[in-house]
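Coordinate inspection notes
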Amino acid sequence: MKILLVEDEPKVAAFLQKGLSEQTHLVDIAADGLLGLRQALTTSYDLIILDQLLPGLSGLEVCRQVRAHNTAVPILMLTALGETDDKIRGLDAGADDYLVKPFAFQELLARIRALSRRRQEAPSQPVLRLADLTLDPMSKQVTRAGQTIQLTAREFALLHYLLRNQGRVVSRVDILEHVWETSFDTGSNVIDVYINFLRKKLDKDFSPKLIHTLVGMGYVAKVNES
């Protein structure tokens, strides 16, 4: 497995990297939350092992932001915070498992094996289609009229949400909750900006137009019948 270890304690990170490498895993280390998030969003991993107490950005926030972009990668929280409320917060943030320090290394290996089995047994997500637009949630590939369209992680998440709800008007609040998993000032134009990004990439040079605005109501992905 290719594993991202986000851990700021050098001795712990070195111990885990050595032990996991001896089990034939490939391990990348990030020593703070910001670096860990950047690596998680730009590199494909089979597993992320994540501390909670990190400089730069907390493990909980890293977990939330990774989950907003990638629902598939398993995340294991490995932290000294062992109270029940800590575990609940970690799991609610999107972690798949939670192991408290100090821990037995063999137990960590067993949990990694369990997460690997779950991922292999997980049902595949169907390719979404609208006219000549396709989105593959597993490979993260988008095409229009057979041409590959390069999207950022956030653009992909927004398009994925629109296509899962194609033909149905989704409000700005719906999009914020499901794509950003947060809230902005109601006067923010962040959604309009990303909708325009998608239109430039998906609609500008193609026909029919697929992403539409219903003033005062929201947005809808559909074939324009007019």
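Described below are features of the structure shown in this document. (Residues numbered from 1 in each chain as written. Predicted model: local features only at pLDDT ≥ 70, side-chain atom pairs only at ≥ 80, totals over all residues. Heavy atoms only, no water.)

**Section: the pattern of salt bridges**
- Scanning the entire structure with this criterion turns up 12 salt bridges.
- Taking the shortest distance from any N to any O, the salt bridge between E155 and K201 comes out at 2.7 Å. Here K201 lies in helix α8 (residues 190-202) and E155 lies in helix α6 (residues 153-164), a separation of 46 residues in the sequence.
- Residue E155 is classed as buried on the basis of its relative accessible area of 4%. (Salt bridge = Lys/Arg side-chain N within 4 Å of Asp/Glu carboxyl O. Helix = DSSP H or I, 4+ residues; strand = E, 2+ residues; numbered from the N terminus. Buried < 20%, exposed > 50% of the residue type's maximum accessible area, 1.4 Å probe, protein only.)

**Comments concerning the environment of V66**
- Within the fold, V66 resides in helix α3 (residues 59-69).
- With 25 residues separating them in the primary sequence, V66 and L41 have C-alpha atoms 6.8 Å apart.

**Some points on the side chain of Q39**
- Take Q39: it is sitting in helix α2 (residues 33-42).
- Given a relative accessible area of 17%, Q39 falls into the buried group.
- Within the structure, Q39 has its side chain in polar contact with the side chain of Y45 (distance 3.4 Å). (Polar contact = N/O pair within 3.5 Å; in protein donor to acceptor, adjacent residues only side chain to side chain.)

**Describing the sheet that holds strand β6 (residues 128-130)**
- If you walk across this open sheet you meet the four strands as β6-β7-β8-β9, and the pairing is antiparallel. The open sheet has two edge strands, β6 and β9 (147-149), and neither has a second partner. With strand direction ignored, the average angle separating the axes of adjacent strands in the sheet is 20°.
- The pairing of strand β7 (residues 133-136) with strand β8 (residues 141-144) spans four bridges and is antiparallel. Bridge pairing in β8 links L135 to V142.
- In the packing of α6 onto the sheet, the strands contacted are β6, β7 and β8, and the crossing angle to β7 comes to about 110°. (Pairing = 2+ DSSP bridges. Axes fitted to C-alpha atoms, helices over the stretch in contact; angles between N-to-C directions. Contact = heavy atoms within 4.5 Å.)

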